[in-house]
Number of protein chains: 2
Amino acid sequence: MTPNQGGITSVVIVGTGLIGTSAALALRRRGVRVYLVDRDPGALRLARELGAGEEWHPGDRGPVDLAVIAVPPQFVAHELLGLQKNDAARWYTDVASVKALPLAQAVQLGCDLTTYVPGHPLAGRERSGPGAARADLFLGRPWALCPAPESAPEAVQAVLELVALCGANAVTVDAAEHDEAVAVISHAPHVASAAVAARLAEASETALGLSGQGVRDVTRIAASDPRLWTGILSGNAGPVAAILEAVADDLAEAARALREFAAGGAAIEPVTELLHRGAAGTGRIPGKHGGPARRYEVVQVVIGDRPGELARLFQVAEQVGVSIEDVRLEHVPGLPLGAVELSVQPTAAAVFAAALREHGWQVP
Amino acid sequence: MTPNQGGITSVVIVGTGLIGTSAALALRRRGVRVYLVDRDPGALRLARELGAGEEWHPGDRGPVDLAVIAVPPQFVAHELLGLQKNDAARWYTDVASVKALPLAQAVQLGCDLTTYVPGHPLAGRERSGPGAARADLFLGRPWALCPAPESAPEAVQAVLELVALCGANAVTVDAAEHDEAVAVISHAPHVASAAVAARLAEASETALGLSGQGVRDVTRIAASDPRLWTGILSGNAGPVAAILEAVADDLAEAARALREFAAGGAAIEPVTELLHRGAAGTGRIPGKHGGPARRYEVVQVVIGDRPGELARLFQVAEQVGVSIEDVRLEHVPGLPLGAVELSVQPTAAAVFAAALREHGWQVP
């Protein structure tokens, strides 16, 4: 790991849950001095044992560079006020999943907004607590920053540095816009996942025994801590309700169409139309690292029109450890030649193309 | 690959889409002679080029051992009748996602039920067509079999052999029970995934830029072919509608509770309660290979109560390429010793335990 050359050399993490401890581990890897505090002594101890930092004794030293408040949304402003009163840090941020609420409460409590930049890393797991923490949790993930008009440029700079040290990509966005955004890309999907999973609670053992990867993916996040998520959802109640109403309407409409179809009645178009809208929507999700909305890279190869040549091409892929995700074949009319398009992980494309060339294939 | 020692030596695959071609590839690996037929010459050609088998010319030879009908649910019975009239195979099965409909149509068309065993492998991808096929698609997956009372034991035996050759786990279940089951563990989750993804079609670029892993998982299957899925859903309309109605009701109720909460009103309990039901439901999904509903294996280690020891233990994990999914720490009161429970992928547990012992740790 490259040591941190920037301005942040000491950080206090307030709250050693999944996010706080993961940030602490990431900062430690970059040589930052990390102090930890949590009102749960067990969580604090586990975070320390994991190498996330040392216990914070506020009286022992002057202010640290940055305080990261990693507590549930409804407690952020209260923590901020206490830290600022004790002059704990030069700059302050938080990592709560909603942003309008803590900002409004900070105004209400009379916190100093010049030193505070609200933030939210879009990273999480279905497990919580310091034991689930990972130094690489934020790698390549978006990290929203919602500076207030009062936020000092130096405070924004310090928090941008935190984001960079954690390997995440900063996205600056207005707090209200942030909350609308996470309602549609995080909070409502979470509740929908729970509603699908709730049906499994009543399903037969036979049904559960037939579970494939699809239902596992759809319901993975439903395994998250209900108490934690009640806090998040209540902090963004209006925007989440609006999305859930639209989802519920679409599902009720699909159910109606299926009922009518089963009764020998009307056409099934509303269901097909919903599936089309769904495919269009999921196609808009950008690549993991902020690239275009394409999951695979296409490697083009010219092959002879002989049976078995494609199979040999797959053997080469296997030899170099590349997984082929999709194949398209285009024959050149009148010629014993074809062009084949192989979809592979973007990181594997170059290796694969080189291996194919080495085996004598034409890769344009 | 071990060659097939059993009774099935020749198979015709009718329909070289994702499932048909994957089964063909799996059978070829086990030395079975595979014949292919598809009304789309492009799909048939691609399957052949991938090494899935040779083109079928029904007149050239006697009946094969088994015909696998891999066409959409509404065409299964029609194909079955045609194959039986030509005496194409000794035994017949299909792989459609619904089972009551093809069975009822087979009865209606006067098919011979003694040689036919309806089946359904619970495996799929969000991509379709022969280009997305994989020989290992069925490995460790459930494969439902729904023999009719008329099905001959020899027919059941032949289809069980097909399932074994593909590396899947056979689950025998009544056709109606199968359809109720897949409504809850596959079809309704699919529509719910589409309804969540449909919201992304209208979301802002900013919102999409904040997408994390959660929404990707929930909406992955929404990328599937809408036409294919309309066929599946229409073939199981009643059971799917019932589940979708319950999901829609839960989501509408959660939206109501959030609206009231946002207005400063009632408590948010209905939301918490739904999240709890969701967590209970997802916890009932069995392990991938049919084991108990636990995703990770726990490795127990005894460690000294010194800071950094846990971090060193993580270093060993990293060295042997094992990812630690969760950590729990239990201190022995009055002694400078602790027991730590590390959750890892079941396949990694033995390797990890050995590496820890090698480094001097006590692993009971």
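Residues numbered from 1 in each chain as written. Chains lettered and ligands numbered in written order. Predicted model: local features only at pLDDT ≥ 70, side-chain atom pairs only at ≥ 80, totals over all residues. Heavy atoms only, no water.

Observations regarding the domain arrangement of chain A
All names here are of chain A. Here chain A is described as being made up of domain 1 (10-173), domain 2 (179-282) and domain 3 (297-358). Computed over C-alpha atoms only, the centres of domain 1 and domain 2 are separated by 32 Å. Residue-level contacts link 12 residues of domain 1 with 13 residues of domain 2. Overall, the association of domain 1 and domain 2 removes approximately 890 Å² of surface from exposure, summing both partners, and the carbon and sulfur fraction of that is 60%. On the domain 1 side of the contact with domain 2, S97, V98 and E126 bury the most area, a combined 52% of that side's loss. Applying the counting criterion to the domain 1 and domain 2 interface returns zero salt bridges. (Domains from an automatic or database assignment. Contact = heavy atoms within 4.5 Å. Buried area = accessible area lost by both parts, 1.4 Å probe. Salt bridge = Lys/Arg side-chain N within 4 Å of Asp/Glu carboxyl O.)

Comments concerning the pairing of strand β7 (residues 142-145) of chain B
Residues and elements named next belong to chain B. Both faces of β7 are covered, namely the face carrying P142 and A144 and the face carrying W143 and L145. One ladder, built from three bridges, connects strand β6 (residues 116-121) with β7; its direction is antiparallel. Among the inter-strand pairings, G119 is bridged to a residue of β7, identified as L145. In this structure, β7 lies alongside strand β8 (residues 169-172), joined through four bridges in parallel fashion. Across the sheet, the residue bridging to P142 is N169, located in β8. (Buried < 20%, exposed > 50% of the residue type's maximum accessible area, 1.4 Å probe, protein only. Helix = DSSP H or I, 4+ residues; strand = E, 2+ residues; numbered from the N terminus. Pairing = 2+ DSSP bridges.)

Notes on the nonpolar core
In terms of nonpolar packing, the biggest core is built from 138 residues, with L244, L251 and L258 of chain A together with L244, L251 and L258 of chain B touching the most fellow members. Tallying contributions element by element places helix α6 (residues 175-201) of chain A first for this core, with 15 residues. Sequence-distant contacts of L251 of chain A, defined by excluding residues within four places in its chain, comprise V191, A192, A195, L244, V247, A248 and L251 of chain B. (Core = buried A, V, L, I, M, F, W, Y, C linked by side-chain atoms within 4.5 Å.)

Remarks on the interface of chain A and chain B
Residue-level contacts link 116 residues of chain A with 116 residues of chain B. Interface area for chain A against chain B, summed over the two sides, is near 10,200 Å², with a carbon-plus-sulfur share of 64%. For the pair chain A and chain B, the number of links is nine salt bridges. Note that E205 of chain B is salt-bridged to R284 of chain A, the shortest N-O span being 3.2 Å. Linking chain A with chain B are 24 residue pairs in polar contact (both at pLDDT 80 or more), by the criterion used here. A total of 20 residues in the side of chain A that touches chain B trace back to one element, the largest contributor, which is helix α10 (residues 237-262) of chain A. Considered class by class, the residues forming the side of chain A that touches chain B number 63 nonpolar, 26 polar and 27 charged. (Polar contact = N/O pair within 3.5 Å; in protein donor to acceptor, adjacent residues only side chain to side chain. Nonpolar A, V, L, I, M, F, W, Y, C, P; charged D, E, K, R; others polar.)

Side note on the relation of the copies chain A and chain B
Superposition of chain A onto chain B requires a rotation of 180 degrees combined with a translation of 0.0 Å along the rotation axis, giving an RMSD of 0.3 Å. Such a turn and shift between the copies fits a two-fold axis. Comparing interface residues between copies, 100% of those in chain A also lie at the interface in chain B; the contact surface is shared. (Least-squares fit on C-alpha atoms with pLDDT ≥ 70 in both.)

With respect to the packing of aromatic side chains
Residue and element names in this part refer to chain A. Evaluated as defined, the whole model comprises two aromatic pairs over all chains. Ring plane angle 45 degrees and centroid distance 5.1 Å describe the contact between F138 and W143, whose orientation is recorded as tilted. A relative accessible area of 1% places W143 in the buried class. The ring of F75 has R39 sitting right over it, with the charged end atom 6.0 Å from the ring centre. (Phe/Tyr/Trp six-rings, centres within 6.5 Å; stacked < 30°, edge-to-face > 60°. Lys NZ or Arg CZ within 6 Å of the ring centre and 35° of its normal.)

Structural notes on the packing of helix α9 (residues 226-234) of chain A against helix α11 (residues 269-282) of chain B
One can describe the packing of α9 of chain A onto α11 of chain B by two numbers: an axis separation of 9 Å at closest approach and a directional angle of 140 degrees. When the axis of α9 of chain A is compared with that of α11 of chain B, the two are oblique. In this structure, the crossing between α9 of chain A and α11 of chain B has a hand that is right-handed. Contacts from P226, W229, T230 and L233 of chain A in α9 of chain A reach V271, T272, L275, H276 and A279 of chain B in α11 of chain B. (Axes fitted to C-alpha atoms, helices over the stretch in contact; angles between N-to-C directions. Parallel < 35°, antiparallel > 145°, perpendicular 65-115°, else oblique. Left-handed = near helix turned anticlockwise from the far one by under 90°.)

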